[in-house]
Amino acid sequence: MVFWIAGVAGLGIAYLLGSIPTGYLAGRLLRGIDIREHGSRSTGATNVLRTLGKGPALAVLLVDVLKGAAAIVVARWVWAWLSTWPSAAPPASDPQAWAPWAVCLAGLAVLVGHARPVWLNFRGGKSAATGLGVLLAISWPVGLGAAAVFGAALAVFRIVSLGSMLAALTAIALACALEQPLPYRLLVIAGGLYVMARHHANIRRLLAGTEPRLGRSSPGPVP
């Protein structure tokens, strides 16, 4: 019973970490605005860049990345703590076999928390930066590979959404190609597809040729 309660609590912590509304708080603290009423109406770093400037955008980006990494660190800490309590042992002969699955669930929870924060009526960002934090925490080669593709795509095309989606696809490919535990592969595949799905409006604008590049204002959300 203690095991399941602690497990649910760990997922709750991961979700709440993800749901910290960094971009929204930046808008409120710096200009007294609701950033969801400006630009693309997202709380992510890209909309912060267009609305508030480079400094706030960089701060939001770093905090969002740290949220994802922190959720994985907390999940591993909770698991290590549970392993030291015989009464809270998981229902398996090998507790270490469960650890990657706990990390996988925590990673999904933090992504959902960022995209659907309870504090903002479940209207948040697209989970790309938070997903990068998750990748770096579970497998830094996959995370660095995804970040490198994002940087290269951004330098060539100057379109953040395209770079984010290419990075998500790269992460999926690397997680499948490199030797990773099955739960980590499933996490990266599910997380990457979720990030892609969150960019559905950007995909429509890319196909229409209206997606803004860096330095240009966003046309706003597609109805």
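As the structure is a computational prediction, the values presented were derived from the model and not from experiment.

The full count for this structure, using the stated rule, is 3 salt bridges. Between Arg36 and Asp34 there is a salt bridge; the shortest N-O distance is 2.9 Å. For the pair shown, Arg36 and Asp34 are each scored as buried. Among the salt bridges present, the one from Asp64 reaches Lys67, with a minimum N-O distance of 3.3 Å. Of this pair, Asp64 and Lys67 are both found in helix α4 (residues 54-83), 3 residues apart, which corresponds to roughly one turn of the helix. Each member of the pair Asp64 and Lys67 is classed as buried.

Let us look at the side chain of Thr51. As for its placement among the helices and strands, Thr51 is situated in helix α3 (residues 45-52). For Thr51, a relative accessible area of 13% puts it in the buried group. At a separation of 2.8 Å, a polar atom in the side chain of Thr51 contacts the main-chain carbonyl oxygen of Asn47.

It is at 9 Å that the axes of helix α8 (residues 160-177) and helix α9 (residues 182-198) come closest, and there the two elements cross at 165°. It follows from the interaxial angle that α8 and α9 lie roughly antiparallel. Of the two elements, α8 crosses α9, and the hand of that crossing is left-handed. Of the residues in α9, those in contact with Met165, Ala168, Leu169, Ala171, Ile172, Ala175 and Cys176 of α8 are Arg185, Val188, Ile189, Gly192, Leu193, Val195 and Met196. Tallied by class, residues from the contact of α8 with α9 come to 12 nonpolar, 1 polar and 1 charged.

Over its 30 residues, α4 runs 44 Å from end to end, which matches the ideal 44 Å to within 8%, given 1.5 Å per residue. All buried positions along α4 are accounted for by Ala57, Val60, Asp64, Val65, Lys67, Gly68, Ala71, Ile72, Ala75, Val78, Trp79 and Leu82.

For the pair helix α6 (residues 128-138) and α9, the least separation of the axes is 11 Å and the interaxial angle reads 170°. One way to sum up the angle between α6 and α9 is to call them roughly antiparallel. Seen from above, α6 lies across α9 with left-handed handedness. Each of Ala128, Val134, Leu135 and Ile138 in α6 lies in contact with α9, whose residues at this interface are Tyr184, Leu187, Val188 and Val195. Its residues assigned to classes, the contact of α6 with α9 comprises 8 nonpolar, no polar and no charged.

The positions that UniProt labels "transmembrane region" (unreviewed entry) are, in the present scheme, residues 6-26, 57-78, 98-119, 131-153 and 159-178. The span residues 98-119 carries 77% helix and 0% strand; its end-to-end C-alpha distance comes to 31 Å.

In this structure, Val134, Leu135, Ile138, Ala171 and Val188 are the most contacted members of the largest nonpolar core, which totals 22 residues. Contributing elements (two or more residues each) for this core: α1 (2-18), α4, α5 (99-115), α6, α7 (140-157), α8 and α9. When near neighbours in sequence (up to four residues on either side) are disregarded, Leu135 contacts Trp140, Val142, Gly143, Ala146, Ala171 and Val188. Listed in part, the 8 residues of the second largest apolar core include Ala26, Ala45, Leu52 and Ala57.

Despite not being glycine, Arg41 shows a phi value in the positive range, around 65°. With respect to the helices, strands and loops of the structure, Arg41 is situated in the loop between α2 (22-31) and α3. By relative accessible area, which is 48% here, Arg41 ends up partly exposed. Of note in the backbone geometry, Phe122 takes a positive phi value of approximately 65° without being a glycine. For Phe122, the location among the structural elements is in the loop between α5 and α6.

What counts as what
- Residues numbered from 1 in each chain as written.
- Predicted model: local features only at pLDDT ≥ 70, side-chain atom pairs only at ≥ 80, totals over all residues.
- Heavy atoms only, no water.
- Salt bridge = Lys/Arg side-chain N within 4 Å of Asp/Glu carboxyl O.
- Buried < 20%, exposed > 50% of the residue type's maximum accessible area, 1.4 Å probe, protein only.
- Helix = DSSP H or I, 4+ residues; strand = E, 2+ residues; numbered from the N terminus.
- Polar contact = N/O pair within 3.5 Å; in protein donor to acceptor, adjacent residues only side chain to side chain.
- Axes fitted to C-alpha atoms, helices over the stretch in contact; angles between N-to-C directions.
- Parallel < 35°, antiparallel > 145°, perpendicular 65-115°, else oblique.
- Left-handed = near helix turned anticlockwise from the far one by under 90°.
- Contact = heavy atoms within 4.5 Å.
- Nonpolar A, V, L, I, M, F, W, Y, C, P; charged D, E, K, R; others polar.
- Expected span 1.5 Å × (residues − 1).
- UniProt positions renumbered as here; feature names shortened; annotations may be inferred.
- Core = buried A, V, L, I, M, F, W, Y, C linked by side-chain atoms within 4.5 Å.

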